[in-house]
Amino acid sequence: MPKLLASAYKELLLLTRDIGGLAVLFLMPLLLVIVITTVQDGSFKTIKQNKIDILLVDKDKGEVSQTIHDNLRTSDMFNIIEQSNENEAQKLIQNGKYQLAIILPENLSNDLNLKIAENVDGILAKFGVDESEDLPGTIQIEPKEVKLFFDPATQFSFRNAIKSGINQMVSKIETKSIYKAFQEEISEDSNEEIFDTESFIIFKEIIPNSGKEAMIPNSTQHNIPAWSLFAIFFIILPLSINMVKEKNQGTFVRLRTHPVSYATVLGGKAIVFLLVSLIQFALMLVVGIFLFPLIDLPQLNISGRLPLLFVVALFAGLAAVGLGLLLGTIAKSQEQSAPFGATFVVILAAIGGVWVPVFAMPQLMQTLSNLSPMNWGLNAFYDVFLRNVGFIEILPEIGLLTLFFIATTFIAIIYYKRKNAV
Amino acid sequence: MIQINNLSKKYKDTDFYSVKKLNLNINEGEIFGLLGPNGAGKTTLISMLSSLLKPTSGSFSINKLTYSENQKELKQLIGTVPQEYALYPTLTALENLMYFGSMYGVKKPLLKEEIYTHLEILGLSKFSHQKIKTFSGGMKRRINLIAGILHKPKVLFLDEPTVGVDVQSRNAIIKHLEKLNKNGTTIIYTSHHLNEAEEFCTRVAIIDHGSIVVKGEPKELINDQQGAKHLEDVFLSLTGKALRDYA
């Protein structure tokens, strides 16, 4: 025990003597979480508050195009810029000046009305309702194409959202036109409202909760756990560099001649770096609670969850420390440990669901994400932060994190013993 | 005290033995010098004896203990002073020594007393709270020595403990080692300073190409070599004047 404590004390001294390194260790993760949350919150606000400029080429100039025009305008998402030439619009999109151009084809209104009238007449004739004796001959009406030009730089999700929105709008116009055609055929009074054209099925978003206080997810509630975890795992960099440095300084060689086990040496490092990761996490929470509201970001809500959050942070920190100890044991130089450590953490974060939710990943990646300790940590954080669960529910995740720590540390010790057997 | 039998070491990716079937007995209380040109195998031998390298073949025991069977006891018995400084530059002299002393299991009050005694003898007590990175080469060498002797080892291995230091520092180190030896520590050291070894050692072995060329008391070796006045003459006549460069 005294050797372990002396080892931890030495690590603490080494850390505190490097003020610059210490500042980087604590400030960079804070900067990261502030920047990421601001960017994500900003993008969200951009869509909601700042209108996106879009080009509209209206070759139809009819009732349908006017409805599309009105709907786009009232959606509050777009600022419509009329453009008469399709080629010119395409060029502007290619140049990246605008992100989207909508081309409404010629005779869209006319052909849509004709097609609907033809269909309605056909249906009414079947029921023997149509009074007209002579049905006009069937005219071949080609389906109309609304072209959407996207800036290649726009993201897939943005394109999908726009396509789905336009599709919904066109469907609504078609439905309304059908109702209108029926009304004109059936009723003598064109102002009489026979059909209720408003949507019958509406959506209501409900966040389930187990009888406890409901938590409204926002960019902060998602970002703080995700990026705290990312920062906690970044501890493997300073930890592995610290170990490589000791090898290069010769102090590690000297220690090998001492009657002290490698587990004790690693234990000292683990205690201090675990403490560092917990301080990092505490600072993240402080920033989320106190700083975010001051810079117009949603405030972090941790009410009643603090102890459980620290339990998750502790076990995530253990897993990160285990990985750092293993990397530091195997790496021979800082050129090996630093780039590998940084890249590996980014990979773990990517497959762990820090950037893209796991459910949105391809099947192979979803399977792989089950192997990422960051995924276990993130699930545990989300369980506590957003699903408001208790200790029992997070046991599987913290169990996996503990096993990961034990496995990585055990491998490090075995590797060291095999490498330095005498 | 130390019995070495047919000890060999061949590094990976080399086609020669750094230490080749070496046999040697070192008695308790001796100051034994391992001398030889660069690449002769001195550091390799001392590294094997201090548990830093695994021999390719052969065996050795220290006080009848072996690393394979009594690693912890043996490590407690020996002290090692490596050639490089092997200290934490951002920690003070006291912090470095407290740490390495603790790793030998020396209890805190005794350890502090021991540290200050050695610092006083080696003229470093007023620098105890200064960071190692501010120390001169000679000061670092002296701290490096203290770090290896805080647990009062029975056997002390020193790899070129006086390399790159001024005469004053060298004198202080040698005097301190002589004192330790008088108090019962067996000393095995490597050096390129042949005059120092001639004065300091009770016995020396000249090693070349991984094998012992000659061993004995310095005076005895000088007398046995025709025309030799100093150990350096014996050394040059046995190992030759050709430069020893190893890449």
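Residues numbered from 1 in each chain as written. Chains lettered and ligands numbered in written order. Predicted model: local features only at pLDDT ≥ 70, side-chain atom pairs only at ≥ 80, totals over all residues.

Observations regarding the domain arrangement of chain A
Alright, step 1. In terms of domains, chain A is made up of domain 1 (2-44 + 216-419) and domain 2 (51-186).
Alright, step 2. Placing a centre on the C-alpha atoms of domain 1 of chain A and another on those of domain 2 of chain A gives a separation of 52 Å. (Domains from an automatic or database assignment.)

Notes on the environment of L266 of chain A
Residue and element names in this part refer to chain A.
Alright, step 1. In this fold, L266 is placed in helix α10 (residues 262-294).
Alright, step 2. Classification of L266 as buried rests on a count of 24 C-beta atoms within 10 Å.
Alright, step 3. When the C-alpha positions of L266 and M243 are compared, they lie 9.5 Å apart, and in sequence the two are 23 residues distant.
Alright, step 4. Contact partners of L266, with chain neighbours within four places excluded, come to L325, T409 and A412. (Helix = DSSP H or I, 4+ residues; strand = E, 2+ residues; numbered from the N terminus. Buried ≥ 20, exposed ≤ 12 C-beta atoms within 10 Å, placed from the backbone. Contact = placed C-beta atoms within 7 Å.)

Concerning helix α1 (residues 42-49) of chain B
Residues spaced three or four apart along an α-helix point in a common direction, a consequence of the helix completing one turn every 3.6 residues.
Residues and elements named next belong to chain B.
Alright, step 1. Most of α1 is tucked away, with eight of its eight residues classed as buried.
Alright, step 2. Every buried residue of α1 is listed here: K42, T43, T44, L45, I46, S47, M48 and L49.
Alright, step 3. Just past α1, the residue S51 takes up positive phi, approximately 70°.

Observations concerning the sheet that holds strand β3 (residues 100-104) of chain A
Residues and elements named next belong to chain A.
Alright, step 1. With mixed pairing, the four strands of this open sheet are ordered in space as β2-β1-β3-β4. Edge positions in the sheet fall to β2 (78-82) and β4 (147-150), since each of these pairs with one other strand and no more. If you compare each strand with its neighbour and ignore which way they point, the axes differ by 25° on average.
Alright, step 2. Note that strand β1 (residues 52-58) and β2 share five bridges and pair parallel. Across the sheet, the residue bridging to L55 is I81, located in β2.
Alright, step 3. In this fold helix α3 (residues 63-74) packs onto β1, β2 and β3, with an angle of close to 140° to the strand it touches most, β2.
Alright, step 4. Of the strands in this sheet, β1, β3 and β4 are in contact with helix α4 (residues 86-94), which crosses β3 at around 160°. (Pairing = 2+ DSSP bridges. Axes fitted to C-alpha atoms, helices over the stretch in contact; angles between N-to-C directions.)

A closer look at the nonpolar core
Alright, step 1. Core analysis: the largest hydrophobic core is formed by 140 residues, its most contacted members being F233 and V312 of chain A.
Alright, step 2. The element contributing the most residues to this core is helix α11 (residues 306-330) of chain A, with 14 residues. (Core = buried A, V, L, I, M, F, W, Y, C linked by C-beta atoms within 7 Å.)

Some points on the interface of chain B and chain A
Many authors give the size of an interface as the accessible area that is lost as the parts come together.
Alright, step 1. With 24 residues of chain B in contact, the opposing surface of chain A contributes 21 residues.
Alright, step 2. When residues of the side of chain B that touches chain A are traced back to their parent elements, those giving at least two are α2 (67-77) and α3 (93-103) of chain B.
Alright, step 3. When residues of the side of chain B that touches chain A are assigned to their parent elements, the largest contribution, five residues, is made by α3 of chain B.

Focus on the environment of N71 of chain A
Alright, step 1. Inspection of the secondary structure assignment puts N71 of chain A in helix α3.
Alright, step 2. C-alpha separation for the pair N71 of chain A and F410 of chain A, spaced 339 residues apart in sequence, amounts to 63 Å.

Here we look at the packing of α10 of chain A against helix α15 (residues 391-419) of chain A
Residues and elements named next belong to chain A.
Alright, step 1. It is at 10 Å that the axes of α10 and α15 come closest, and there the two elements cross at 135°. What the angle tells us is that α10 and α15 run oblique. The element α10 and its partner α15 pack so that their crossing is right-handed. Only T409, A412, I413 and Y416 of α15 make contact with α10, whose side of the interface consists of Y262, A263 and L266.
Alright, step 2. Residue composition of the contact of α10 with α15, by class: six nonpolar, one polar and no charged. (Parallel < 35°, antiparallel > 145°, perpendicular 65-115°, else oblique. Left-handed = near helix turned anticlockwise from the far one by under 90°. Nonpolar A, V, L, I, M, F, W, Y, C, P; charged D, E, K, R; others polar.)

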